[in-house]
Amino acid sequence: MSVTVPNSDRDPKKIAAMFSSIAERYDFLNELLSFSQAGVWKSRLIREADVPERGLLLDLCTGSGDLALGFLTELPGFKGDVIGIDFSVPMVDRARAKVAELGYPYPRRVEFLMGDALDLQFDDEKFDLVAIGFGVRNFSDTESGVREMHRVLKTGGQLNVLEFFRDGVTFPPFKWYLDTVIPWLGNSISNSTAYTYLRDSSNEFLSCPEFERMLENSGFREIKSERMTFGIAHLVRARKG
Ligand SMILES: C[S@@+](CC[C@H](N)C(=O)[O-])C[C@H]1O[C@@H](n2cnc3c(N)ncnc32)[C@H](O)[C@@H]1O
C-alpha cells in the first residue's frame, strides 16, 4: 500500500536557501531549543548503530556534520570512513570547518560533499550504513528519498533515521512549546521563518507508523522505532532486505 505525503510541493531551492540562511546559528539553536536533547538523540543513533569496524558510512543531509563526525569521535572501535552530503553550501562549509578544527586524523577519514539526497552521486550498494538526522522531512518527494537510501545501501546494511513525525507529541504543554515557543524564539534569534517551517513540516509530515510502512514498501526489513523525549523525536532503524 502506498503512503501519500502531503509535502510533495516542497521546493528544494527554497529549502536549501532557508537552511543556508540559518547555518551560522544552527548548532546553537539546536542545543538551546531542544534543551540539549538534540545531542543526546544523535549520540543514541551513533552508539547503538550497527557499524562495521571498517565500514563506509553515509550521513545524508549532514548539515553542520554532527552525525558524520560523531561516528568518528564517539566510536573508538570504528576504523572506517564517513561521507557527509548536503545541498546547502554554508552547511557543508561549517562541517568542513569543524573537521579541520578537530585535526588529525579526522580530515583523512571524513569527506563533506555537496549533493542532493534525492539524486545521489554514488553507485548502488556502496555504503555499509546510511544515517540521516532531521532530513527526510524536508524531501520534496519522501518516497524517492527512501528509494535512493535503499539503492546506495549494501544488502544487509542498516538505515538510521532521526526525525520529527506528525502526531509524535500529544502532551499539551510539550505541544504548546513545539508549536508556539520554538517558532517564536527560533525565528527571532535566527532572523528567519525557519522555525515556523520546522513546526509546519513536522505537523504535516508522515506519522512514524506511516513512515515505517513506506520503508517496508521500499524493501527494508527489521524496522524498529524508538520514541525519544516523550515522542518529540523518533529514531527509526531498518535493514536493507
Ligand atoms: C534540519 S537540518 C539537519 C542537519 C543535521 N543532519 C543534524 O541532524 O543536525 C536538515 C539538513 O538537510 C539538508 N537537506 C534537505 N534536503 C536535502 C536534500 N534533498 N539533499 C541534500 N541535503 C538536504 C538541509 O540543507 C539541511 O542542512
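So, about the site of the ligand. In the neighbourhood of the ligand, 22 residues make up the surrounding shell, with Cys61, Gly63, Ser88, Ala117 and Gly133 lying closest. Counting residues per element, the ones that place at least two in the shell around the ligand are α1 (12-22), α4 (66-73) and β2 (81-86). It is α1 that provides the largest number of residues to the shell around the ligand, a total of 4 residues. Per-class residue counts for the shell around the ligand are 13 nonpolar, 6 polar and 3 charged.

For the rest of this paragraph, the subject is the environment of Leu162. Position of Leu162 relative to the elements: it lies in strand β5 (residues 153-163). For the pair Leu162 and Ala95, spaced 67 residues apart in the sequence, the C-alpha separation amounts to 19 Å. Residues within four places of Leu162 in sequence aside, it is in contact with Trp41, Lys42, Leu45, Gly133, Phe134, Ala233 and Leu235.

Turning to the sheet that holds β2, a few remarks are in order. The strand order across the open sheet built from 7 strands is β3-β2-β1-β4-β5-β7-β6, with neighbouring strands paired in mixed fashion. Strands at the two margins of the open sheet, each flanked by one partner only, are β3 (110-114) and β6 (220-228). Between one strand axis and the next, the sheet turns by 15° as a mean value, whatever way the strands run. Looking at chain direction, β6 and strand β7 (residues 233-240) are connected through 7 bridges and run antiparallel. Bridging from a neighbouring strand, Phe220 pairs with Lys240 of β7. Sitting on the sheet, α4 touches β1 (56-60), β2, β3 and β4 (127-133), and the angle it makes with β2 is about 170°. Lying over the sheet, helix α10 (residues 208-217) contacts β6 and β7, oriented at roughly 160° with respect to β6.

Taken together, the buried positions of helix α3 (residues 37-47) are Ala38, Trp41, Lys42, Leu45 and Ile46. For α3, the buried positions fall inside an angular range of 135° around the axis, keeping them on one side. Considering only its buried residues, α3 is in contact with α2 (26-33), α4, β4, β5, β6 and β7.

Attention now moves to α4. Given 3.6 residues to a turn, an α-helix orients residues that are three or four positions apart in the same direction. Burial runs high along α4: 7 of the 8 residues are buried. When we look at burial in α4, the residues that qualify are Asp66, Leu67, Ala68, Leu69, Gly70, Phe71 and Leu72.

Counting residues in each nonpolar core, the largest one holds 61 residues, and the members touching the most others are Leu45, Leu57, Leu60, Phe71, Val130 and Ala131. If sequence neighbours within four positions are ignored, Leu57 has contacts with Val51, Phe71, Gly80, Val82, Phe127, Asp128, Leu129 and Ala131.

This next bit is on the confidence of the model for the protein chain. Per-residue pLDDT for the protein chain averages 94, and the proportion of residues at 70 or more is 96%. When the criterion is pLDDT under 50, residues 1-8 qualifies, and its contacts beyond four places in sequence or with other chains add up to 15 contacts.

What follows concerns the packing of α3 against α4. Relative to each other, α3 and α4 sit at 50°, their axes nearing to 10 Å. One finds that α3 runs oblique with respect to α4. As α3 packs across α4, the resulting crossing turns out to be right-handed. For the pair α3 and α4, contact is made by Lys42, Ser43, Leu45 and Ile46 and by Asp66, Leu67, Gly70 and Phe71, respectively. Grouping the amino acids of the contact of α3 with α4 by side-chain chemistry returns 4 nonpolar, 2 polar and 2 charged.

Attention shifts here to unusual backbone geometry. For the bond from Tyr104 to Pro105, the omega torsion is 5°, close enough to zero to count as cis. Residue Cys61 is not a glycine yet carries a positive backbone phi of 50°. For Cys61, the position within the fold is in the loop between β1 and α4. In this structure, Asp167 takes a positive phi of about 65° despite not being glycine. Counting through the fold element by element, Asp167 comes out in the loop between β5 and α8 (172-190). Asp167 sits in the partly exposed class, given 14 other C-beta atoms within 10 Å.

This part is about the environment of Leu58. Within the secondary structure, Leu58 sits in strand β1. Non-local contacts of Leu58, meaning those with residues more than four positions away in its chain, are made with Ile83, Ile85, Phe127, Val130 and Val152.

What counts, and at which threshold
Residues numbered from 1 in each chain as written. Predicted model: local features only at pLDDT ≥ 70, side-chain atom pairs only at ≥ 80, totals over all residues. Near = placed C-beta within 6 Å. Helix = DSSP H or I, 4+ residues; strand = E, 2+ residues; numbered from the N terminus. Nonpolar A, V, L, I, M, F, W, Y, C, P; charged D, E, K, R; others polar. Contact = placed C-beta atoms within 7 Å. Pairing = 2+ DSSP bridges. Axes fitted to C-alpha atoms, helices over the stretch in contact; angles between N-to-C directions. Buried ≥ 20, exposed ≤ 12 C-beta atoms within 10 Å, placed from the backbone. Arc of directions from axis to C-beta. Core = buried A, V, L, I, M, F, W, Y, C linked by C-beta atoms within 7 Å. pLDDT = per-residue confidence, 0-100. Parallel < 35°, antiparallel > 145°, perpendicular 65-115°, else oblique. Left-handed = near helix turned anticlockwise from the far one by under 90°.

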